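Structural overview
Chain by chain, the residues:
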Amino acid sequence: MRPVIAILENIHPDGIAAMREFATIVDLTTAPVEECRQCLGTADAVVVKSVTQVNAAFLDAAKNLKVVARCGTGMDNIDVEAAGARGISVFNIPKGNSRSAAEFTLLMILCVAKRLPEAIEAVRNSDFRRHLLEGREISQLTIGIIGLGNVGFRVALLLKPFGCRLLALDPKSAYSDRLEEAQVTLCSDIDALLSESDIVTLHMSLNNDVRHILDAARLARMKRGAALVNCARAELVDQAALISALDAGHLSAVALDLLEPEPPYGAMPEEHEFRHALLGRKDVLVTPHMAASTIDAQRTLALETAHRLREYLS
Ligand code: MLT
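For the structure given in this document, a descriptive report is provided here. (Residues numbered from 1 in each chain as written. Predicted model: local features only at pLDDT ≥ 70, side-chain atom pairs only at ≥ 80, totals over all residues. Heavy atoms only, no water.)

**Observations concerning empty space enclosed by the protein**
Where we set the bar: Computed over the protein atoms alone on a 1 Å grid, cavities are sets of points where a 1.4 Å probe fits but cannot get out and pockets are open sets with protein on both sides within 12 Å along at least five of seven lines; a residue lines them when it has an atom within 4 Å of a point. Grid points are joined across faces, edges and corners, and a volume is the space filled by probe spheres set on the points. Any residue that is not Ala, Val, Leu, Ile, Met, Phe, Trp, Tyr, Cys, Pro, Asp, Glu, Lys or Arg is counted as polar, Gly included; the first ten are nonpolar and the last four charged.
The full count for this structure, using the stated rule, is one cavity of 30 Å³ or more. Estimated volume of the largest cavity: approximately 40 Å³. If you trace the largest cavity, you find it lined by N230, A234, V237, Q239, L242, L256, L258 and L278. In the lining of the largest cavity, the residues fall into six nonpolar, two polar and no charged.

Encoded structure:
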């Protein structure tokens, strides 16, 4: 019998074609909740990204499940312990989208340094007063990278040619080769990094130890006029404290690829229009969790997921 793979979130079609070679595919990307629950019971494997909450209730509904494939990096939406207790394997593809996420982070850093979102908004309002929008040269800045893993390290490498001062914080001393290659100085603690950086960028996996790692006290330790970039997980920053720091003028700009909670994906009927305190501000740039959403990364992730599933299910 061919194994059944249930796809719960959109992945690149080349990955689905590769999975069809050895499995029956059930597309649940647009299925209503009840249909989803019924179909889950027949699945040997599920493919998810970061939206589906693979919690105990999900795992209980998936009675035949052998493997959860996380087609991406972050595992914070998967209860790995609950899966293990039920004998279900879990894997992710940790490097498949790092380059895309790093490139997008570089873009966010350039946007806040050059005040691009404000400039676009000003011109949209027929305001061409460029002297009100002077930005900074990256070469003159200190950029603090919190987390020197797959994405943070690539961000450092992309920034190196700009000649800026790079600081990093990372618990893994094994990364000493990375520090040298990207010419990054390791900070002894987060406060040192925060107090010296003009722009801080977050690159950590989310877990309970680092939830709100940037709280009111830590945001207050950032340099006055500094900017924050977050393309990792929204929950790393206390959003209420972030709004206060912006209102007080302590932070000059924030670029976020994520919000807490994340808005619903797909078509949004007008009556359910998503509202959020961080939207609609001149000093905040928000994008829809798209740092890793390039055709290139999505194809790589989907093909690698298919390859790993073939191994797990054979
Ligand atoms: C990831 O964790 O890989 C990225 O946040 C993209 C995603 O899968 O949503």
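Picking up where we left off.
**Brief notes about the layout of surface pockets**
Let me state the cut-off plainly: Under the DSSP-based scheme used, a helix requires at least four consecutive residues in state H or I and a strand at least two consecutive residues in state E, with every element numbered from the N terminus.
Put simply, the second largest pocket is a space of about 370 Å³. Looking at the second largest pocket, it is lined by 24 residues, and the ones nearest its centre are V112, G225, A227, S252 and A253. Mapped onto the lining of the second largest pocket, the elements with two or more residues apiece are α5 (98-114), α6 (116-124), β10 (226-230), β11 (251-256) and β12 (284-286).

**Side note on the site of the ligand**
In plain terms, the rule: A cutoff of 4 Å decides nearness: a residue is near a molecule or strand if any of its heavy atoms lies inside that distance of it. Within 3.5 Å is the distance limit for a polar contact, defined as a pair of N or O atoms, with the added protein rule that one can donate a hydrogen and the other accept it, and that residues adjacent in sequence qualify only through two side-chain atoms. All accessible areas in this document rest on Shrake-Rupley with a 1.4 Å probe, and a residue is counted as covered only by the protein chains that are shown.
As a structural note, the neighbourhood of the ligand is formed by S50, R70, G72, T73, G74, N97, R233, H289 and A292. T73 is positioned such that a nitrogen or oxygen atom in its backbone is 2.7 Å from an oxygen atom of the ligand. One of the backbone N or O atoms of G74 is found 2.8 Å from an oxygen atom in the ligand. For the ligand, the accessible surface in isolation is 260 Å², of which the surrounding protein chains cover 86%. Along the lines of polarity and charge, the residues of the shell around the ligand split into one nonpolar, six polar and two charged.

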